[in-house]
Amino acid sequence: MQSRSFPSLVLGGLAFIASAAHAQSTVTVYGRLNVSLEHADAGHSPRDRAVNRESNNRSVIGFRGVEDLGDGIQALFQIEGSLALDTGVGPSLANRDTRVGLQTPYGLLFAGHWGTPYLLATSTLDPWYPTTAGYMALMANGSAPTTNHLGNTASFDRRQQNIVQYWTPAWNGLPGLSGRIAYAFNDGEVGPNGARPQLLSGSLTWDDGPWNLALAHEQHRDYQGPHLTDSATKLGAAYRFGPGRLATAIERLRYETPLGALTRDSVFVAATWQIGATSLRASFTHAGEGKGPAGTRVGFVSAGDDTGSRQWTLGADYTLSKRTGFYAYVSRIDNQARAAYDFAINPLGVGIGEKPTVVAAGMRHAF
């Protein structure tokens, strides 16, 4: 059989996409381009860590479609991949939020890999999500942009593979109130000492007028070993008044390890103020000291004195249009003597007791 040339394969692929688009009620191509120029450094470091860099802030391209099946039922899909806007190396077609499912009058059911309800419950409270200054540096114990049960056993800010989710419609009599629940199958993965890890995540959110409230809980079963369950619980709230918005979230992480339970509390607050096309923004996050048996550590969380940290960020966003804008900020993480928290996106690679700082100016565009 004669092999097909690359141009013919490309043309064939475009024809397939066009025919698929014709068969759907609607198909949309969308994306987000977000890049910043940064100067990053770490105070209290034994060596020079200063770096000038161009950082990609989770730029994506995607396709989503809906087909009307009648009786209020729709089939839907989404395929989303990352774009390496800074280097152009290693883009993927479907390593971001990707799913296929059904929308019905009784809610949305889908399968694929997707951000967990726990992640999505409060991500909109952070004015810097998702950039280097995002609150995942301290909240949720880091970020797992796309992972299975074995790739990142510490983070509760995760896009989970092999997941099934159900999202309720808004409940009658309680406008703005909805719930989400998700389960990630084991899929044959074997964890420490033969463990069979699984994930369960859920949230309740209320969005009505100036108020946004969220309650979320997530369990990681057998992540640290057989019959050991990690859990995270958080409560978030935001209130909008005139040109201003105040937001806050509190969180407790609990890890069951072979040595015993390790816990840590954190709190996040943010404020924004709109002046014409300019949004002034400030946020502060405090991660408390880890509590548990001496020497216990999971991800960035360690047990003992001087294991806490703080992060503050100040900056502004200037909107050119609904799709395009510029932003600038300075963000600093003040680690205590035995802490080593780092930026969750575009990390600097800090050591114990170091205090990373980043100054950034960036541009974002959505299509």
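Up top you'll find the structure we're talking about.
Notes on the structure in this doc start here.

Core analysis: the biggest nonpolar cluster contains 31 residues, and Leu-138, Phe-156, Tyr-255, Leu-262, Tyr-329, Ile-333 and Tyr-341 have the highest contact counts within it. Only strand E1 (26-43), helix H2 (117-122), strand E11 (211-221), strand E13 (244-257), strand E19 (324-335) and strand E20 (355-366) provide two or more residues apiece to this core. With three residues, E19 is the largest single contributor of residues to this core. Apart from the residues within four sequence positions on either side, Ile-333 is in contact with Ala-137, Leu-138, Ser-309, Arg-310, Gln-311, Tyr-341, Asp-342, Phe-343, Glu-354, Lys-355 and Pro-356.

Enumeration over the complete set of coordinates arrives at 13 aromatic pairs. Seen from their ring centres, Tyr-135 and Phe-268 are 5.1 Å apart, and the 70 degrees between their planes marks the pair as edge-to-face. Of this pair, Tyr-135 sits in the loop between H2 and strand E7 (144-147) while Phe-268 sits in strand E14 (residues 260-275), and the two are 133 residues apart along the sequence. For Tyr-135, a relative accessible area of 3% corresponds to the buried category. Within the aromatic cluster, the residues linked to one another by ring pairs are Trp-211, Tyr-239, Phe-241 and Trp-273. Lying over the aromatic face of Trp-167, Arg-99 brings its terminal NZ or CZ to 5.4 Å of the ring centre. Just above the ring of Trp-167 sits the side chain of Arg-180; from NZ or CZ to the centre is 3.5 Å.

A word on the side chain of Arg-96. Of note, Arg-96 is situated in the loop between strand E4 (73-83) and strand E5 (98-104). The buried charged residue Arg-96 lacks any salt bridge partner; its closest oppositely charged side chain belongs to Glu-80, at an N-O distance of 4.0 Å. Leave out the neighbours within four places in its chain, and Arg-96 touches Arg-32, Arg-58, Val-60, Glu-80, Gly-81, Ser-82, His-113, Pro-145, Thr-146 and Arg-159.

Positionally, Arg-49 belongs in the loop between E1 and strand E2 (51-56). Overall, the relative accessible area of 14% leaves Arg-49 in the buried class. Along the backbone, Arg-49 and Ala-121 are 72 residues apart, and their C-alpha atoms lie at a distance of 35 Å. Not counting residues up to four positions away in its chain, the partners in contact with Arg-49 are Ala-40, Asp-41, Ala-42, Leu-348, Gly-349, Val-350, Gly-351 and Glu-354.

The rules behind these values
Residues numbered from 1 in each chain as written. Predicted model: local features only at pLDDT ≥ 70, side-chain atom pairs only at ≥ 80, totals over all residues. Heavy atoms only, no water. Core = buried A, V, L, I, M, F, W, Y, C linked by side-chain atoms within 4.5 Å. Buried < 20%, exposed > 50% of the residue type's maximum accessible area, 1.4 Å probe, protein only. Helix = DSSP H or I, 4+ residues; strand = E, 2+ residues; numbered from the N terminus. Contact = heavy atoms within 4.5 Å. Phe/Tyr/Trp six-rings, centres within 6.5 Å; stacked < 30°, edge-to-face > 60°. Lys NZ or Arg CZ within 6 Å of the ring centre and 35° of its normal. Lys, Arg positive; Asp, Glu negative; His and termini not counted. Salt bridge = Lys/Arg side-chain N within 4 Å of Asp/Glu carboxyl O.

None of this, on its own, says anything about what the molecule does.
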